[in-house]
Amino acid sequence: MLSRRQFCCSGAIAASLLTVDQSFAASQCEALTQATQSAISPDDALARLKEGNERFVSGKSINCDLMAQVQATANGQYPFAVVIGCIDSRVPPEFVFDQRIGDIFSARVAGNVINDDIVGSAEFAAKLAGAKLIVVLGHSQCGAVKGAVDGAELGKLTGLLAKIHPAIEANKNEPGEHTSKNGGFVQAVALDNAKLGVEMLTKKSTVLSELVADRKLMIVPAMHDVATGRVTFMS
């Protein structure tokens, strides 16, 4: 059994740890300002997303007063990153990276493909609004990738899926059948689709390529595992 002194000491330690946790949570819940956004480097932005995903995966997401953040960002926004992801309902960027209102720009389109509208949105976010990082986020079990692999055709979706064909071509020598039944092939295509998306952003945009060259912006591909919630960043 604990002595009274040991009990008091253990209580004091627990209280101090709780204070630290509450202080950390409070700082994470503060809406970004122009000053705090400016102080974040591209590397810092990447670290924030990695830390957020670790909290999400470990069940330690921070509980913030979202209405307070609504009020704090009503007159301006200063997100530190852009996430270009798929519309898949299992991959909501704010949840996956444990971010909140005013923290990240989120652009979502089936297959996280890159088109002119996505590029223009990224230019706005990075050049005009000050974001320091762009993540092209693919994911496992992607329906758009499966559709592209199987040659699906449906209205305007046909043209969208065609944008995934370069990633399919990049894996033309992969073993096994090249259909959605081959999970390894689908995953390989999804991974290359995210990587090629990063290349496409700088090829299509001198605005973004200049920001990257000046080290004011980082653009990276990443993959989200829908079975675990974990995001893996690729160089």
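Note that this is a predicted model, so its numbers are computed, not measured.

Taken together, the side chains of Leu66, Met67, Val70 and Ile101 present a nonpolar region at the surface, about 330 Å² in accessible area. On the secondary structure map, leucine 66 appears in helix α4 (residues 66-72).

In this structure, aspartate 98 is a non-glycine residue whose phi angle is positive, near 50°. Looking at the element boundaries, aspartate 98 is found in the loop between α5 (93-96) and β2 (104-108). The buried category is assigned to aspartate 98, whose relative accessible area is 4%. The backbone of asparagine 112 shows a phi angle near 40°, a positive value even though the residue is not glycine.

Counting through the fold element by element, threonine 73 comes out in the loop between α4 and β1 (81-85). For threonine 73, the contacting residues outside a window of four places in its chain are Ala31, Ile101 and Gly102.

Looking now at the pairing of strand β3 (residues 133-139). In terms of residue burial, β3 counts as a mostly covered element, since seven of its seven residues are buried. What you see with β3 is no split at all: Leu133, Val135, Leu137 and His139 on one side and Ile134, Val136 and Gly138 on the other are buried throughout. Looking at chain direction, β1 and β3 are connected through five bridges and run parallel. Residue pairing for β3: valine 82 is matched across the bridge by isoleucine 134. As paired elements, β3 and strand β4 (residues 218-224) share seven bridges and run parallel to each other. Following the sheet pairing, leucine 137 is matched in β4 by alanine 222.

Membership of the largest hydrophobic core comes to 41 residues, with the highest contact counts inside it found for Ile84, Ile134, Val145, Ile164, Val189, Leu201 and Leu208. In terms of residue count, the dominant contributor to this core is helix α10 (residues 183-204) (seven residues).

Calculation criteria
- Residues numbered from 1 in each chain as written.
- Predicted model: local features only at pLDDT ≥ 70, side-chain atom pairs only at ≥ 80, totals over all residues.
- Heavy atoms only, no water.
- Patch = residues over 30% accessible without salt bridge, like charges linked within 9 Å, V, L, I, M, F, W, Y side chains within 5 Å.
- Areas by Shrake-Rupley, 256 points an atom, 1.4 Å probe, with all protein chains shown as cover.
- Salt bridge = Lys/Arg side-chain N within 4 Å of Asp/Glu carboxyl O.
- Helix = DSSP H or I, 4+ residues; strand = E, 2+ residues; numbered from the N terminus.
- Buried < 20%, exposed > 50% of the residue type's maximum accessible area, 1.4 Å probe, protein only.
- Contact = heavy atoms within 4.5 Å.
- Pairing = 2+ DSSP bridges.
- Core = buried A, V, L, I, M, F, W, Y, C linked by side-chain atoms within 4.5 Å.

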